Amino acid sequence: MKIKNGVNLHIIKEKKFKTVQFLIRFRTKMSRDTVAKRVLISNLWETSNEQLPTSQQFQKKLSGMYGASFATSLSKKGDNHFLTIGMSVVNPKFVASDTITEAITLIHQVLFRPLVDEYGFDEATFDREKKNLLQYLASTREDKAYVAATKLTALFFTDKDMATPSISTVDLLAKETRESVYEYYQKMLQTDTIDISILGDLTLSEEQAIIAQFSKLPFTDRVPLANILYKQDRASICQEATEKEAVNQSILQLGYRHAVTFGDENYLTMQVLNGILGGFSHAKLFTTVREKESLAYYANSRFDSFTGFLKISAGIDAADHDKALTLIKSQVAALVAGDISDSELNQTKNMLRNAYFIALDSPTNLIEQAYIKTLLPDRYLAQAEWLQRLADVTKEDVVKLAATLTLQSVYFMEGDALGD
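Residues numbered from 1 in each chain as written. Predicted model: local features only at pLDDT ≥ 70, side-chain atom pairs only at ≥ 80, totals over all residues. Heavy atoms only, no water.

*Asks:* Could you clarify how one ought to interpret the overall build of the chain in this entry?
*Replies:* The secondary structure content of the chain amounts to 16 helices and eleven strands. The C-alpha atoms of the chain give a radius of gyration of 23 Å, which matches the 22 Å a tight globule of 420 residues would have. With respect to the principal axes defined by its C-alpha atoms, the chain has extents near 60 × 50 × 35 Å. Per-residue burial for the chain yields a buried fraction of 53% across its 420 residues. Residue pairs at least 24 apart in sequence account for 83% of intrachain contacts in the chain once pairs closer than 6 positions are excluded. When the accessible surface of the chain is split by element, carbon and sulfur atoms take 49% of a total near 19,300 Å². (Helix = DSSP H or I, 4+ residues; strand = E, 2+ residues; numbered from the N terminus. Rg over C-alpha atoms; globule rule 2.2 N^0.38 Å. Buried < 20%, exposed > 50% of the residue type's maximum accessible area, 1.4 Å probe, protein only. Contact = heavy atoms within 4.5 Å. Areas by Shrake-Rupley, 256 points an atom, 1.4 Å probe, with all protein chains shown as cover.)

*Asks:* Any chance you could explain the side chain of Glu176 here in plain terms?
*Replies:* Here Glu176 lies in the loop between α7 (170-174) and α8 (178-191). With residues up to four places along the chain from it excluded, the contact list for Glu176 reads Asp33, Ala36, Lys37, Leu40, Phe126, Lys130 and Val181.

*Asks:* Sorry, what's going on with the packing of helix α10 (residues 267-279) against helix α13 (residues 342-359) here?
*Replies:* A pair of packed helices is characterised by two quantities: the angle between their axes and the separation of those axes. The interhelical angle for the contact between α10 and α13, taken along N-to-C directions, is 110°, at an axis separation of 9 Å. In terms of orientation, α10 and α13 fall into the roughly perpendicular class. Handedness of the crossing formed by α10 with α13: right-handed. The segment α10 lies against α13, with Gln271, Val272, Gly275 and Ile276 engaging Glu344, Leu345, Thr348, Lys349 and Leu352. Of the residues belonging to the contact of α10 with α13, the class tally is four nonpolar, three polar and two charged. (Axes fitted to C-alpha atoms, helices over the stretch in contact; angles between N-to-C directions. Parallel < 35°, antiparallel > 145°, perpendicular 65-115°, else oblique. Left-handed = near helix turned anticlockwise from the far one by under 90°. Nonpolar A, V, L, I, M, F, W, Y, C, P; charged D, E, K, R; others polar.)

*Asks:* Could you clarify how one ought to interpret the UniProt feature "domain: Peptidase M16 C-terminal" (unreviewed entry) in the chain in this entry?
*Replies:* Under the local residue numbering, the UniProt record ascribes the feature "domain: Peptidase M16 C-terminal" (unreviewed entry) to residues 177-352. Annotated as residues 177-352, this span is 43% helix and 21% strand, and its ends, taken at the C-alpha atoms, are 46 Å apart. (UniProt positions renumbered as here; feature names shortened; annotations may be inferred.)

*Asks:* What is the right way to read the pairing of strand β11 (residues 406-414) from this model?
*Replies:* A regular strand carries its side chains on alternate faces of the sheet. Summarising burial for β11: eight of the nine residues are buried, a large majority. Of the pairings in the sheet, the one linking strand β7 (residues 239-244) to β11 comprises six bridges and is parallel in character. Residue pairing in the sheet places Ala241 in a bridge with Tyr411 of β11. Note that strand β8 (residues 250-257) and β11 share seven bridges and pair antiparallel. The residue of β11 that forms the bridge with Gly255 is Ser409. (Pairing = 2+ DSSP bridges.)

*Asks:* Mind showing me how you'd approach the packing of α13 against helix α15 (residues 383-392) here?
*Replies:* Put simply, α13 and α15 touch, their axes get as near as 10 Å, and they point 170° apart. In terms of orientation, α13 lies roughly antiparallel with respect to α15. Seen from above, α13 lies across α15 with right-handed handedness. The segment α13 lies against α15, with Lys349, Leu352, Arg353, Tyr356 and Phe357 engaging Gln383, Trp386, Leu387, Leu390, Ala391 and Asp392. Counted by class, the contact of α13 with α15 contains seven nonpolar, one polar and three charged residues.

What follows is the structure in structure tokens.
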């Protein structure tokens, strides 16, 4: 239901869980100009507000709510940036307390009563959280897989906003002040598209109370963000980069462009293609590059149906770069040539089907499915249709789709060759 224009409330009634899950998503276009501000806001939400000015008081409050959890996160989907609050409380039917009302009250305090003064966010709190974030972002330099992923993304995407990490960078974060972030925060509350999702075993009276309480929060009308899917034109030149690092295990990553978008006619074919290529332990990249040829410590693939990005990752010895790159490319070529056995096709379908049913026991996944249904109603696939489309995927469908993949970027983090 719509609370205000651009502020939506989704209630998912589900009996199998003993908790009530809250997810509040603030969504706007991904931008280098705002991403650092949003990261800081995320941390400030978790640590303090006017009613609970210290993190110790915040945690004590959660403990008093029968061990409620409260966490924030940042992510990208398509060309949108998400700033999300996730909260979980025990269902009121199991305790002598109205945990749902307590949760909504806390969310109200976090969003609309932050710890501020006449200039902006509380100076001591802001400085501490900024310092912590700068240290964290600096530490990601030691996470070589993360570094390689960001480097490949920067090579793949021509849009600088899309190439920026969802958690920002040291350089972008260092520029922000408590005044600049609070000024943006006031704007964000008024302009971001907001989706509030609640999942749990709720009674009708509880559902009505949730609607009434969220409707009383001081949200304002805003223009909803309509599009989330991002498409990038095919580049004629593959962007390549090699950087030396003091690591034993080198990292080779390839970025392919694909033309599949979430829920379209080739969506399940893409699921199968990725599964056969590198999505599972029986996939070509794993069995050929890693096991048969022993050229990789790991080798896998994953794709994004909101951006047209398919990534192949492999951990290799630096001395094996040329062999590994050639062999990885040959696995994609094998799909194009129709080198797909019935066993590979059927096993992939079975594993995708099993993963689908396992996900039905995840409250986070159920919320996500309900959210996608409201976000992209024309593209959402109900269970019966999803399973039927999966069953209908043929070898010929995979071959045809594989022929449309285009290599757009290659990044190699070159470490020391073993034995040198």
